[in-house]
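Structural overview
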Amino acid sequence: MQTVVETPVFIRRAEKLLSEDEHAGLIAFLASDPKAGDEIVGTGGDQDYEETEMSKLGDELVQSMAQALAHAQGKRTGGRTHKVTVKPDDIRNARMRLGLSQDQFADAFGVSASTLRKWEQGQRSPTGAAKTLLKIIEREPKAVVRALKIA
């Protein structure tokens, strides 16, 4: 299980920019690769506008980092904490949505059939990218089939 903590500054910005599905996808993505949150990509456009927006973003990032530090120290910040889990039934259901046997699913996603069986039986839990891919399969199975040219 990974934990993703949203600071109040992030929450305000996310509510303005992201739909609920996009927000949930971002949380799942960050849970799969915690270092992904370290990368900030600027947008193009008018220089003055961009500098003003980047300056605001910089101020918000400084404020957000202070809030993240306070959260790490156990202080109340008004932030949200998300625990991202994938249950054994979720894994089996994702595989069934694709209409694949355990061997076919394991082969398509680059895990051993033994690992997949242990996930489905609750003996082990997927981590990182595997956890994110399973969430994507749960929400958009047809897109996964198209992307991987399965079945």
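Residues numbered from 1 in each chain as written. Predicted model: local features only at pLDDT ≥ 70, side-chain atom pairs only at ≥ 80, totals over all residues. Heavy atoms only, no water.

Our focus in this paragraph is the environment of histidine 82. Considering the arrangement of structural elements, one finds histidine 82 in strand S2 (residues 80–84). Overall, the relative accessible area of 23% leaves histidine 82 in the partly exposed class. Here the alpha-carbon distance between histidine 82 and valine 4, two residues 78 residues apart in the chain, equals 5.1 Å. (Helix = DSSP H or I, 4+ residues; strand = E, 2+ residues; numbered from the N terminus. Buried < 20%, exposed > 50% of the residue type's maximum accessible area, 1.4 Å probe, protein only.)

What follows deals with the side chain of arginine 95. Structurally, the position occupied by arginine 95 is in helix H4 (residues 88–98). On the basis of relative accessible area, arginine 95 is assigned to the buried category, the value being 8%. A polar side-chain atom of arginine 95 sits 2.6 Å from a polar atom in the side chain of glutamate 120. Sequence-distant contacts of arginine 95, that is, excluding residues within four places in its chain, are made with Leu100, Ser101, Gln102, Phe105, Leu116 and Glu120. (Polar contact = N/O pair within 3.5 Å; in protein donor to acceptor, adjacent residues only side chain to side chain. Contact = heavy atoms within 4.5 Å.)

With respect to the helices and strands, the residue arginine 97 is situated in helix H4. With sequence-adjacent residues up to four places away left out, arginine 97 is seen in contact with Ile137, Glu138 and Pro141.

Our next topic: the confidence of the model for the chain. One rule of thumb: low pLDDT means the predicted coordinates there are not for detailed reading. On average, the chain scores 77 in pLDDT, and the residues at 70 or more come to 81%. The least confident element of the chain, judged by mean pLDDT, is helix H3 (residues 47–72) at 69; the most confident is helix H6 (residues 113–121) at 94. This stretch, residues 39–47, has a pLDDT under 50; its non-local contacts, to residues over four places away or in other chains, come to 5 contacts. (pLDDT = per-residue confidence, 0-100.)

Where H4 contacts helix H7 (residues 128–139), the two axes come as close as 9 Å, and the packing angle between them is 55 degrees. The angle between the axes of H4 and H7 places the two elements in the oblique class. Relative to H7, the crossing made by H4 is left-handed. Of the residues in H7, those touching H4 at Asp90, Ile91, Ala94, Arg97 and Leu98 are Leu134, Ile137 and Glu138. Residues that form the contact of H4 with H7 fall into these classes: 5 nonpolar, no polar and 3 charged. (Axes fitted to C-alpha atoms, helices over the stretch in contact; angles between N-to-C directions. Parallel < 35°, antiparallel > 145°, perpendicular 65-115°, else oblique. Left-handed = near helix turned anticlockwise from the far one by under 90°. Nonpolar A, V, L, I, M, F, W, Y, C, P; charged D, E, K, R; others polar.)

Taken together, the side chains of Glu20, Asp21, Glu22 and Glu140 present a region of like negative charge at the surface. Tracing the sequence through the fold places glutamate 140 in the loop between H7 and helix H8 (141–148). (Patch = residues over 30% accessible without salt bridge, like charges linked within 9 Å, V, L, I, M, F, W, Y side chains within 5 Å. Areas by Shrake-Rupley, 256 points an atom, 1.4 Å probe, with all protein chains shown as cover. Salt bridge = Lys/Arg side-chain N within 4 Å of Asp/Glu carboxyl O. Lys, Arg positive; Asp, Glu negative; His and termini not counted. Charge placed at Lys NZ, Arg CZ, Asp CG, Glu CD.)

Residues Ile91, Leu98, Phe105, Phe109, Leu116, Leu134 and Ile137 are the most contacted members of the largest nonpolar core, which totals 15 residues. Contributions of two or more residues to this core are made by H4, helix H5 (102–109), H6 and H7. Excluding its chain neighbours within four sequence positions, the residues that come into contact with leucine 116 are Ile91, Arg95, Gln102, Phe105, Ala106 and Val111. (Core = buried A, V, L, I, M, F, W, Y, C linked by side-chain atoms within 4.5 Å.)

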